[in-house]
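Residues per chain, in single letters:
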Amino acid sequence: MQPKQAMEGGVETVSAKGGQTDLRDLTPDRLRDYVVSLGLPAKRARQIFTRLYHPGVRDFAQLGISREVTELLAKHASMSSLEPATVEKSADGTEKFAFRLADGAVIESVLIPEDGRHTLCISSQAGCAMGCRFCLTGGQGFVRNLRPAEIVGQVLAVMAHMVENGIQRATPRELLNNLVFMGMGEPLANYDTLLAALTILMDDHGLGFSERRITVSTCGIVPRMDDLGRDIRVNLAVSLHAADDAVRSRLMPVNTTYGLEALLAACRRYPLGKKKVILFEYIMLKGINDSLADAHLLAEKLQGIPSRINLLPYNGSGETEFACPDAAQTLAFQKVLREAGFNTFIRQSRGGDISAACGQLAGKS
């Protein structure tokens, strides 16, 4: 029999251990309420929260708090953690982590090193329901939403892996320079959990990631883009991939619900801080969206939106209907956008030899 699932503000908080509440699902405010419900003083919550998010802490005995409190927590709650089922390392240093969850679902995270800095690409769902035709994750289909503990757990597990492999920093937060929600799943389709996970990751008494260190990517769920801009401050990335509705709808089914006009209007509404921009991601597909006419149309559509454009050479794998344009065509496309005043970069693929590049995560272990 499955344990009854507790819900906190729309976020599932049950663990696999006897239906107990998983403390790593709880935001600081909800942890305080939970601690008080156990008869402990509210001030204990901050102490517990701070120690929950030290890389390598996997059970209550490692929290370094009194035995009485440790035993009380162990009796009523749980503390989940993720352990990699596999770790693959690319020739370029990129590492892909596969995590098998308690119910057997598999998710993947990708650690990208560059010039002494590290970016972690994390998943928000097991599988994805968006069905983008160029994406292996979308081809896998949707399995389920992740819980906050399963999102934050990816960060903690990779941090622990880095420490175990000799990477040292003054604080745990400094192990990772940036977090990007660009792994498996559509983050805004798991909105309540995303918000809880961001709150945990950004709290100064936990891991303390600032808004400029976190980027949330979406394929364009317009109402949730408005919610995100209202509820929390993070960087926004938009998977655009086409400048006209016909092509985008062919590539991305979400466009039939939220077309380009609505999507770009939401981008214009999105609250940006000083010198902030929206990152637009554009996969280059030969003969589909890579013409100079497409580049001019893209420049026209994005006028007035503070933007950075990343052109992503298509990472094909196995049998596919798509192909990557040659380098000269991609450079010509970039030139049109740059001459129109847009900061435009051709992003080099990382981890392609281990299926860790953009669009290649498929949750196989």
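Here the structure is a predicted model, which is why all the values come from computation and not from measurement.

Quick notes on the rules
- Residues numbered from 1 in each chain as written.
- Predicted model: local features only at pLDDT ≥ 70, side-chain atom pairs only at ≥ 80, totals over all residues.
- Heavy atoms only, no water.
- UniProt positions renumbered as here; feature names shortened; annotations may be inferred.
- Helix = DSSP H or I, 4+ residues; strand = E, 2+ residues; numbered from the N terminus.
- Buried < 20%, exposed > 50% of the residue type's maximum accessible area, 1.4 Å probe, protein only.
- Contact = heavy atoms within 4.5 Å.
- Pairing = 2+ DSSP bridges.
- Right-handed = clockwise from strand over helix to strand, strands pointing away.
- Axes fitted to C-alpha atoms, helices over the stretch in contact; angles between N-to-C directions.
- Parallel < 35°, antiparallel > 145°, perpendicular 65-115°, else oblique.
- Left-handed = near helix turned anticlockwise from the far one by under 90°.
- Nonpolar A, V, L, I, M, F, W, Y, C, P; charged D, E, K, R; others polar.
- Phe/Tyr/Trp six-rings, centres within 6.5 Å; stacked < 30°, edge-to-face > 60°.
- Lys NZ or Arg CZ within 6 Å of the ring centre and 35° of its normal.
- Lys, Arg positive; Asp, Glu negative; His and termini not counted.
- Salt bridge = Lys/Arg side-chain N within 4 Å of Asp/Glu carboxyl O.
- Polar contact = N/O pair within 3.5 Å; in protein donor to acceptor, adjacent residues only side chain to side chain.
- Core = buried A, V, L, I, M, F, W, Y, C linked by side-chain atoms within 4.5 Å.

The next thing to look at is the UniProt feature "binding site: [4Fe-4S] cluster" (unreviewed entry) in the chain. Within this structure's numbering, the places UniProt gives as "binding site: [4Fe-4S] cluster" (unreviewed entry) are Cys-128, Cys-132 and Cys-135. For Cys-132, the position within the fold is in the loop between β9 (125–127) and α4 (136–140). A residue is classified by how much of its surface remains accessible, and Cys-132, at 12% relative accessible area, is buried. Sequence-distant contacts of Cys-132, that is, excluding residues within four places in its chain, are made with Leu-251, Met-252 and Pro-253. Its location among the elements puts Cys-135 in the loop between β9 and α4.

Walk down a regular strand and you will see the side chains alternate between the two sheet faces. With five of its five residues buried, strand β12 (residues 214–218) lies for the most part within the structure. Burial along β12 is two-sided: the residues Ile-214, Val-216 and Thr-218 and Thr-215 and Ser-217 are all buried. As defined by bridge partners, strand β11 (residues 178–181) adjoins β12 across three bridges and the pair is classed as parallel. Pairing of Leu-179 across the sheet is with Ile-214, part of β12. This β-α-β element, β11 to helix α6 (residues 191–202) to β12, shows right-handed connectivity. Both β12 and strand β13 (residues 235–239) contribute to a ladder of four bridges, which runs parallel. Across the sheet, Thr-215 pairs through a bridge with Asn-235, a residue of β13.

At a minimum axis distance of 8 Å, the contact between helix α5 (residues 148–164) and α6 shows a crossing angle of 45°. The orientation of α5 relative to α6 falls into the category oblique. Read as a crossing pair, α5 and α6 show a hand that is right-handed. Every residue of α6 that contacts α5 at Pro-148, Ile-151, Val-152 and Val-155 is listed here: Thr-193, Ala-196, Ala-197, Ile-200 and Leu-201. Classifying every residue of the contact of α5 with α6 gives eight nonpolar, one polar and no charged.

Moving on: the packing of aromatic side chains. In this structure the tally under the stated criterion is four aromatic pairs. Taking the centre distance of 6.3 Å and the plane angle of 5° together, the rings of Phe-97 and Phe-99 count as stacked. Each member of the pair, Phe-97 together with Phe-99, is buried. Here Tyr-314 and Phe-322 contribute two aromatic rings whose centre-to-centre distance is 5.9 Å and whose plane-to-plane angle is 75°, an arrangement assigned as edge-to-face. Judged by its relative accessible area of 6%, Phe-322 is buried. Sitting above the plane of the Tyr-53 ring, Arg-24 keeps its charged end 6.0 Å from the centroid. The side chain of Arg-338 reaches across the aromatic face of Phe-345, ending 5.6 Å from its centre.

Mapped onto the secondary structure, Glu-281 falls in strand β14 (residues 278–284). Summary of buried charges: Glu-281 has no salt-bridge partner, and the nearest side chain of opposite charge, Arg-347, is 4.4 Å away. Polar contacts involving the side chain of Glu-281 include one to the side chain of Ser-239, which spans 3.1 Å. Once you skip the residues sitting within four places of it in the chain, Glu-281 turns out to touch Met-182, Ser-217, Ala-237, Val-238, Ser-239, Leu-240, His-241, Asn-310, Leu-312 and Arg-347.

Here the focus is the nonpolar core. Counting 103 residues, the largest nonpolar core has Leu-23, Val-155, Leu-198 and Leu-228 as the members making the most contacts within it. Considering each element in turn, this core owes the most residues, eight residues, to α5. When neighbours within four sequence positions are excluded, Leu-228 is seen to be in contact with Leu-188, Tyr-191, Leu-194, Leu-198, Val-216, Val-234, Leu-236 and Tyr-270.

The next subject is the environment of Asn-177. With respect to the helices, strands and loops of the structure, Asn-177 is situated in the loop between α5 and β11. Taking relative accessible area as the criterion, Asn-177 reaches 13% and is therefore assigned buried. Taking the C-alpha atoms as reference points, Asn-177 and Gly-116, separated by 61 residues in sequence, lie 9.6 Å from one another. Here Asn-177 is in contact with Gly-116, Arg-117, His-118 and Arg-213, once residues within four sequence places are set aside. At 2.7 Å, the side chain of Asn-177 forms a polar contact with the backbone nitrogen of His-118.

Counted under the stated rule, the structure contains 17 salt bridges. Salt-bridge contacts for Arg-58 lead to Glu-164; the nearest nitrogen and oxygen are separated by 3.7 Å. Placement of Arg-58 in the loop between α2 (43–52) and α3 (67–76) and of Glu-164 in helix α5 is noted, with a sequence separation of 106 residues between them. In this structure, Glu-108 and Lys-96 form a salt bridge, with 3.7 Å as the shortest nitrogen-oxygen distance. Of this pair, Glu-108 sits in strand β7 (residues 106–114) while Lys-96 sits in strand β6 (residues 95–100), and the two are twelve residues apart along the sequence. Among the residues examined, Glu-108 registers a relative accessible area of 1% and is labelled buried. Here the salt bridges share partners, and the residues they tie into one network are Arg-224, Asp-227, Arg-230 and Asp-231.

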